[in-house]
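Here is what each chain is made of, one letter per residue.
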Amino acid sequence: MAVAPGFFVDWNGNARRTEDAGGDFVVDVDTAARYVALYTRNGTLMHEATFYKTLEDMEKKGIKAPLVDGATPWGMKDEW
């Protein structure tokens, strides 16, 4: 199943693409509700976020988050 393209903010304050969230998470997007949920492969909910169609939409809301790719680890930097 294809994931709706867009963006969300992770728990470290980074912007991530819904199609490349990283962390081996399963991404579920509800565009009508503007909701993103990330699950482990076993189905445990790990993160919830607001869905943004574009980075410009995030900026309009005052969110200044650096865009990272899926290779960037989840967790705090001191945990890497």
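See the structure shown above.
Here is a short report on the structure shown in this document. Note that the coordinates shown come from a computational prediction; the quantities given were computed from them, not determined experimentally.

1. Things to note about the pairing of strand β5 (residues 45–50)
Taken together, the 5 bridges between strand β4 (residues 35–39) and β5 define a ladder with antiparallel strand orientation. The residue bridging Leu38 from the neighbouring strand is His47, located in β5.

2. Quick look at unusual backbone geometry
Phi at Asp24 takes a positive value of approximately 55°, unusual for a residue other than glycine. Along the polypeptide, Asp24 turns up in the loop between β2 (15–17) and β3 (26–30). For Asp24, a relative accessible area of 53% translates into the label exposed. For Arg34, which is not a glycine, the phi torsion comes out positive at approximately 55°.

3. What to know about the pattern of salt bridges
Applying the stated criterion to the full structure yields 2 salt bridges. For Arg16, the salt bridge is made with Asp10, and the minimal N-O distance between the two is 2.7 Å. A relative accessible area of 0% places Arg16 in the buried class. Residue Arg41 pairs with Asp24 through a salt bridge whose shortest N-O separation is 3.1 Å. Taken together, the positions of Arg41 in the loop between β4 and β5 and Asp24 in the loop between β2 and β3 put the pair 17 residues apart, joining distant regions of the chain. Judged by its relative accessible area of 57%, Arg41 falls in the exposed class.

4. Here's the deal with the pairing of β3
Walk down a regular strand and you will see the side chains alternate between the two sheet faces. Residue alternation in β3 divides its side chains into a buried set, Val27 and Val29, and an unburied set, Val26, Asp28 and Asp30. Hairpin connection between β3 and β4: a loop of 4 residues separates the two successive antiparallel strands, and Arg34 in this loop has a positive phi of roughly 55°.

5. Structural notes on the sheet that holds β4
Strand order in the open sheet formed by 3 strands is β3-β4-β5, and the pairing between neighbours is antiparallel. Two strands bound the open sheet, and with one partner strand each, they are β3 and β5. Sheet twist, expressed as the average angle between the axes of neighbouring strands with direction ignored, equals 15°. Note: β3 against β4, 5 bridges, orientation antiparallel. From the neighbouring strand, Val26 faces β4, where its bridge partner is Tyr39.

Calculation notes
- Residues numbered from 1 in each chain as written.
- Predicted model: local features only at pLDDT ≥ 70, side-chain atom pairs only at ≥ 80, totals over all residues.
- Heavy atoms only, no water.
- Pairing = 2+ DSSP bridges.
- Helix = DSSP H or I, 4+ residues; strand = E, 2+ residues; numbered from the N terminus.
- Buried < 20%, exposed > 50% of the residue type's maximum accessible area, 1.4 Å probe, protein only.
- Salt bridge = Lys/Arg side-chain N within 4 Å of Asp/Glu carboxyl O.
- Axes fitted to C-alpha atoms, helices over the stretch in contact; angles between N-to-C directions.

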